[in-house]
Amino acid sequence: MKNLRSMIVCIAALLILAGSTWAADAPFYKGKTIRIVVGYSPGGGFDTFSRLVGRNLGAHLPGNPSVIVVNMPGAASMVAANRVYAMQPGDGLTIVVFSFGVITDIVTRPEAAQFDVRKFIWLGDPTLGAVPEVVWVRSDLPIKSLEDFRNYKTPLASGLTGRGSPATGANQFLASLGYPLKAVHGYRGTANVMAAMERKEVDVRIMSQSNMQTIYRRHLESGLVRPVLALGEDPRVKPIPGVATFKDMNLNPEQQRMADFLVGTWKLLRLFAIPPGTPPDRVATLRKAFADTLSSPKLLEQAKRQKVIVSPPSHETIEKTIAGLYDAPPDLLAGYKELLGRK
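Read on for an overview of the structure. (Residues numbered from 1 in each chain as written. Predicted model: local features only at pLDDT ≥ 70, side-chain atom pairs only at ≥ 80, totals over all residues. Heavy atoms only, no water.)

### Comments concerning the overall build of the chain
Operational definition: Helix and strand definitions here come from DSSP, where helices need a minimum of 4 consecutive H or I residues and strands a minimum of 2 consecutive E residues; each element is numbered from the N-terminal end. Exposure is judged per residue with a 1.4 Å probe applied to protein chains only, and the accessible area is read against the type maximum: over 50% gives exposed, under 20% gives buried, and values in between give partly exposed. For the charge count, each Lys or Arg is scored as positive and each Asp or Glu as negative, with His and the chain ends excluded. Where a charge lies is defined by one atom per residue type, namely NZ (Lys), CZ (Arg), CG (Asp) and CD (Glu).
Scanning the chain for helices and strands turns up 14 helices and 11 strands. Taking the principal axes of the C-alpha coordinates as reference, the chain spans close to 105 × 45 × 30 Å. Within the span of the chain, comprising 343 residues, buried residues form 52% of the whole. Across the chain, the centroid of the 41 positively charged side chains sits 7 Å from that of the 28 negatively charged ones.

### With respect to the packing of aromatic side chains
Operational definition: Side-chain rings of Phe, Tyr and Trp, where Trp is taken by its six-membered ring, are said to pair if the distance between their centres is within 6.5 Å; with planes under 30 degrees apart they count as stacked, over 60 as edge-to-face, and otherwise as tilted.
Applying the stated rule across the entire model yields 13 aromatic pairs. Ring geometry for Phe-98 against Phe-115: centres 6.4 Å apart, planes inclined by 55°, an arrangement best described as tilted. Taken together, the residues Phe-98 in strand β3 (residues 94–99) and Phe-115 in the loop between α4 (100–108) and β4 (121–124) connect sequence positions 17 residues apart. For the pair Phe-98 and Phe-115, one class covers both residues: buried.

### What to know about helix α12 (residues 297–306)
Inclusion rule: The reported arc concerns the directions from the helix axis to the C-beta atoms and nothing else. Contacts are residue-level and defined by heavy atoms, with any inter-residue pair within 4.5 Å sufficient.
Along α12, the residues classified as buried are Leu-299, Gln-302 and Ala-303. The arc enclosing the buried residues of α12, seen along the axis, measures out at 100°, which places them on a common side. Relative to its buried face, α12 has exposed residues pointing more than 90 degrees away, namely Pro-297, Lys-304 and Arg-305. On the buried face of α12, the contacting elements are α2 (45–57) and α11 (280–295). Taken from the residues just after α12, Lys-307 is the one with a positive phi, measuring 60°.

### Section: the side chain of Thr-265
Where we set the bar: We define a polar contact as two N or O atoms separated by no more than 3.5 Å, with the added condition that, inside protein, one atom must be a possible hydrogen donor and the other a possible acceptor, whereas residues neighbouring each other in sequence contribute only through side-chain atom pairs.
Here Thr-265 is to be found in helix α10 (residues 253–265). By relative accessible area, which is 3% here, Thr-265 ends up buried. Separated by 2.6 Å, the side chain of Thr-265 and the backbone oxygen of Leu-262 make a polar contact. Those residues within four positions of Thr-265 in sequence are excluded, and the remaining contacts are Phe-100, Thr-104 and Leu-325.

### A look at unusual backbone geometry
Following Gln-88, the chain continues into Pro-89 via a peptide bond in cis, with omega recorded as 0°. Within the secondary structure, Pro-89 is located in the loop between α3 (78–85) and β3. Between Val-131 and Pro-132 the backbone carries a cis peptide bond, its omega angle lying at -5°. Mapped onto the fold, Pro-132 is located in the loop between β4 and β5 (133–138). With a phi angle near 45°, Asn-64 is a residue other than glycine that sits in the positive phi range. Turning to its location among the elements, Asn-64 is positioned in the loop between α2 and β2 (66–71). If you check the backbone angles, Asn-250 has positive phi at about 50° while not being a glycine. Following the sequence through the fold, Asn-250 ends up in the loop between β10 (244–245) and α10.

### Points about helix α6 (residues 166–176)
Burial runs high along α6: 8 of the 11 residues are buried. Among the residues of α6, Pro-166, Ala-167, Thr-168, Gly-169, Ala-170, Asn-171, Phe-173 and Leu-174 are the ones counted as buried. Backbone geometry just downstream of α6 places Gly-178 in the positive-phi region, at approximately 100°.

### Let's talk about the pairing of β5
Our working rule: Pairing between strands is defined by DSSP: at least two bridges between the two strands are required.
Most of β5 is tucked away: 6 of the 6 residues are buried. Across 5 bridges, the pairing between β5 and strand β8 (residues 204–208) is antiparallel. Across the sheet, residue Trp-136 finds its bridge partner in β8, namely Arg-205. As paired elements, β5 and strand β9 (residues 225–231) share 6 bridges and run antiparallel to each other. Note that in β9 the partner of Val-135 across the bridge is Leu-229.

Written as structure tokens, this is what we have:
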């Protein structure tokens, strides 16, 4: 009887030990749900890429968690960035997607953010940046060239999302040079601006060439808009024939310096990040899964069907680009701040 009791105790101990080992080996993400919080409204480019990643990310994580996308628009994605940053320490279950324009905004207006952007943990960016930014005008307007644009007598309503967006920087720069642009802020996303163009509420949308030629290509195909000016260049993007560029604008050295700075702020666009304090092992797991997702044949086939371009920089590139922005000469940052109307 004594031997039987000893055997039972041993078996029980082995079962407990085995159970704890299985628990330790069980993937953290098994049975969990990851939220991707995107800082813009549904239907736009940020939402499109967030859902593209969301449909595929779980398959590249141990435990195959569910992934949902939550839209949290506001202040050109600043609201979403603030909210997710406040969730620290991160647990690896919430990803935020916000615009690189938020970072260029808070470099000159740090009080607008409730976070230190340099403490965010970057997963990457699935897309081309916003270079070149292109001025698209409604085709029913008699503006077909840079000269027409420069000499147009009536202020053109330019639909914008937030003051930190690439479109706003380009808009304000052109306005400072005398181009007849009137900023109309407050749209919750590019899809809303394009709908406003269809209703003729706004005359101009400044948007990256790749965005218009992929996500919003129907507006090109329908003849709603035409390009009149391309700002900056990217070797991965084929120039639009006959469209004016910075070279046609006869900028003086100081204006060119600001133009070059602006283009540098547009080289990144859709940042995927997690809050500070996320355990290092989960950071490594998420970064690998994010990279594997963007290179997976399944996602690339989906992107091809959607006619969007996947061309991701690394998280190291993001870190280096942000550091360079913070290291920009004070007088250049002051000029950028003045350009955006920051006091």
